[in-house]
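Listed here are the chains, written in short residue letters.
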Amino acid sequence: MDGIVAISQRMAAIQATMSSFAPATQPATGTMGTGTFGDVLAQAVDETTATEAATTGTPAASTGSWTSGVPSDLLPYGNGNVPREALASVGQTGHRLWAPAATALEQVIADAAKDGVTIGVTDSYRSYDAQVDVAERKGLYSQGGLAAEPGTSPHGWGIAADLDLDAAGQAWMRANGGRYGFVEDTPREPWHWVFRK
């Protein structure tokens, strides 16, 4: 019964939020994502996720709207051109990421430490020039190296971190990283973790 009450309350909150916006014309196909309804729905999902995170103590894995795997608020800058003020510090590590990713990674580091596991950060946001440098030094992944084609790396969006992981840290991340929104998505690079919504 509590679940039904919670759903009803959430629906009422969404309806109240939606009524505060002027009606927008939606495409005849009924698609969402660019119109007001899509924005309100994304906001409502984010608020629900944030509420659940506050209740459970687990950080939200879904934050903001995304377009083609990139946080929408970073798209205007372009990969590798995100200004410093659009990124946030990852605790005292000296590294910077997109704010939701930075917050989630700080929580990863803190929660792993509570379990007696140390997780460090060796790399985070990379400018386009830094991506070119890495590609020159380490070779392109597509040619057997360890670097993405400059301008395509998730590091260039501030959503990827290279972690300093021993065996216990790697096992901890593989068991828990997804709860914080991080995925290990690159074969041959077990240190490379990307924040996904």
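Our subject is the structure listed above.
Description of the structure in this document. Keep in mind it's a predicted model, so treat the numbers as computed, not measured. (Residues numbered from 1 in each chain as written. Predicted model: local features only at pLDDT ≥ 70, side-chain atom pairs only at ≥ 80, totals over all residues. Heavy atoms only, no water.)

**What to know about the pairing of strand β6 (residues 160-164)**
And then number 1: Burial runs high along β6: four of the five residues are buried.
And then number 2: By the bridge criterion, three bridges tie strand β5 (residues 120-123) to β6 in an arrangement that is antiparallel. The residue bridging G120 from the neighbouring strand is D164, located in β6.
And then number 3: Pairing between β6 and strand β8 (residues 192-195): three bridges, direction antiparallel. (Buried < 20%, exposed > 50% of the residue type's maximum accessible area, 1.4 Å probe, protein only. Helix = DSSP H or I, 4+ residues; strand = E, 2+ residues; numbered from the N terminus. Pairing = 2+ DSSP bridges.)

**A few points about the packing of aromatic side chains**
And then number 1: Tallying each qualifying case throughout the model produces five aromatic pairs.
And then number 2: Between the aromatic rings of W66 and W98, the centroid separation amounts to 5.4 Å while the plane-to-plane angle is 90°, which identifies the pairing as edge-to-face. Here W98 lies in strand β4 (residues 96-98) and W66 lies in strand β1 (residues 66-67), a separation of 32 residues in the sequence.
And then number 3: Residue classification places W98 among the buried residues on the basis of a relative accessible area of 4%.
And then number 4: Residues W172 and Y180 carry aromatic rings whose centres are separated by 6.0 Å and whose planes lie at 35° to one another, so their mutual orientation is tilted. Neither W172 nor Y180 differs from the other in exposure class; each is buried.
And then number 5: Chaining the aromatic ring pairs together yields one cluster made of W66, W98, F182 and F195.
And then number 6: The ring of Y141 has R188 sitting right over it, with the charged end atom 3.9 Å from the ring centre. (Phe/Tyr/Trp six-rings, centres within 6.5 Å; stacked < 30°, edge-to-face > 60°. Lys NZ or Arg CZ within 6 Å of the ring centre and 35° of its normal.)

**A short note on the environment of P187**
And then number 1: Position of P187 among the secondary structure elements: in the loop between β7 (182-183) and β8.
And then number 2: Measuring from C-alpha to C-alpha, the distance between P187 and L146 comes to 9.9 Å, with 41 residues separating the pair along the chain.

**Details of the sheet that holds β5**
Across a sheet, paired strands are connected by hydrogen bonds in the backbone, their directions being either parallel or antiparallel.
And then number 1: Strand order in the open sheet formed by four strands is β5-β6-β8-β7, and the pairing between neighbours is antiparallel. Two strands bound the open sheet, and with one partner strand each, they are β5 and β7.

**A closer look at helix α4 (residues 128-138)**
And then number 1: Residues of α4 that are buried include every one of Q131, V134 and A135, and no others. Projection of α4 onto a plane perpendicular to its axis shows the buried side chains occupying an angular sector of 100°, all on one side. Of the residues in α4, the exposed ones pointing more than 90 degrees away from the buried face are D129, E136 and R137. (Arc of directions from axis to C-beta.)

**Observations concerning helix α5 (residues 167-176)**
And then number 1: Of the residues making up α5, those classed as buried are G169, Q170, W172, M173 and N176. Along the axis of α5, the buried residues cluster in a sector spanning 165°; they form a single face. Of the exposed residues in α5, those oriented more than 90 degrees away from the buried face are A167, R174 and A175.
And then number 2: Those residues of α5 that are buried are in contact with α3 (99-114), β6, β7 and β8. (Contact = heavy atoms within 4.5 Å.)

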